[in-house]
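Listed below are the residues making up each chain.
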Amino acid sequence: MTQPKGRGPYAKTAARRAEIIRAARDSFAEHGFTEASLRDIAERAGITHAGLLHHFATKDDLLSEVLAERDSQEWQYGQSQVSDMDELAPYLADVLRHHQKAPELMRLWIELAAASSRPDHPAHDYFVRRYELSRDNFTEGMRLQEQRGQLPPGLAPEHAAVLLQAVLNGLQLQWLLDDDLDIVGPMRAFMQLTSQRTDTP
C-alpha cells in the first residue's frame, strides 16, 4: 500500500524550513556570511523576521543547516556513483563541474573554510569534522590502491588523502581567480599519479 504523503503542521514546517535554508544559502552566497542578515533571509523566504526566528534562532543555526544540506546532497550522490576507486576520478570531475555552475556557492565555501580556521568561528567544528571524514574516506580508498600495488612507492595512503584534499580545494580557488582555467584535467592527472601500478616487472 502506498504511504500517504505528509500532511498537516509537520509537513508545512518541514517545507517552510527548506525554503528558509534555500534563502539563507542564496543570501550567504550573495553577501557573504558576515554581511548577510536574518531580515534579508526572511524577505527572500517570504516570511517575517519573527517567523524566521520561530524556525531558526540565530544565523549560526542557519549556516549549519546550509552546510549540512550541501554535504548531504553530495554524499548521497557520491554513494550512488562510487563503489570502487576507479570510479572516484569521474565522480570528482562531476563534482567540480557542478561547483563551477554555482561560483557564488563555491566562493562562499572557500571563504567559510578559511574563516573557520579560527576556533571561535561558528562553523569551526563543522569544518573540522568534515575534513576529518573526507580524509578518512580518501585514506581508505588510497589504502585499497596500495593493496593493489597502484600507489607510488614511498607515498603513504594518509599523505595521498591529504594531498587530494589540497588539490581539490586549491583547484577551485584558482578557478575562482581565473574561470578560464581547466581544473578537471589537473584533477584527473593527479588521480592518475596515485593509480600507477608498481608491481609490474
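Small disclaimer: the values here were computed from a predicted structure and weren't measured.

**Notes on helix 2 (residues 38-45)**
Residues of helix 2 that are buried include every one of Leu-38, Asp-40, Ile-41, Ala-42 and Ala-45, and no others. Directly after helix 2, the chain includes Gly-46, whose backbone phi takes a positive value near 75°.

**Quick word on the environment of Ala-45**
Secondary-structure assignment places Ala-45 in helix 2. A relative accessible area of 11% means that Ala-45 is categorised as buried. Once you skip the residues sitting within four places of it in the chain, Ala-45 turns out to touch Arg-16, Glu-19, Ile-20 and Ala-23.

**Topic: the packing of aromatic side chains**
Scanning all chains against the criterion turns up four aromatic pairs. Geometrically, the ring pair formed by Tyr-126 and Phe-127 is edge-to-face, given 5.3 Å between the ring centres and 90° between the ring planes. An identical accessibility class is assigned to Tyr-126 and Phe-127; each is buried. In this structure an aromatic cluster arises from ring pairing among Trp-109, Tyr-126 and Phe-127. Sitting above the plane of the Phe-33 ring, Lys-59 keeps its charged end 4.8 Å from the centroid.

**A look at the packing of helix 8 (residues 157-177) against helix 9 (residues 184-193)**
Where helix 8 contacts helix 9, the two axes come as close as 10 Å, and the packing angle between them is 170°. Considering their axes alone, helix 8 and helix 9 lie roughly antiparallel with respect to each other. Packed against helix 8, whose contacting residues are Ala-160, Leu-163, Leu-164, Val-167, Leu-168 and Leu-171, the element helix 9 presents Pro-186, Met-187, Phe-190 and Met-191 at the interface. In the contact of helix 8 with helix 9, the residues fall into 10 nonpolar, no polar and no charged.

**Thoughts on the environment of Ala-189**
Relative to the helices and strands, Ala-189 is located in helix 9. Residue class for Ala-189 comes out partly exposed when judged on its relative accessible area of 36%. Taking the C-alpha atoms as reference points, Ala-189 and Ala-89, 100 residues apart in sequence, are found 9.4 Å from one another.

Parameters at a glance
- Residues numbered from 1 in each chain as written.
- Predicted model: local features only at pLDDT ≥ 70, side-chain atom pairs only at ≥ 80, totals over all residues.
- Heavy atoms only, no water.
- Buried < 20%, exposed > 50% of the residue type's maximum accessible area, 1.4 Å probe, protein only.
- Helix = DSSP H or I, 4+ residues; strand = E, 2+ residues; numbered from the N terminus.
- Contact = heavy atoms within 4.5 Å.
- Phe/Tyr/Trp six-rings, centres within 6.5 Å; stacked < 30°, edge-to-face > 60°.
- Lys NZ or Arg CZ within 6 Å of the ring centre and 35° of its normal.
- Axes fitted to C-alpha atoms, helices over the stretch in contact; angles between N-to-C directions.
- Parallel < 35°, antiparallel > 145°, perpendicular 65-115°, else oblique.
- Nonpolar A, V, L, I, M, F, W, Y, C, P; charged D, E, K, R; others polar.

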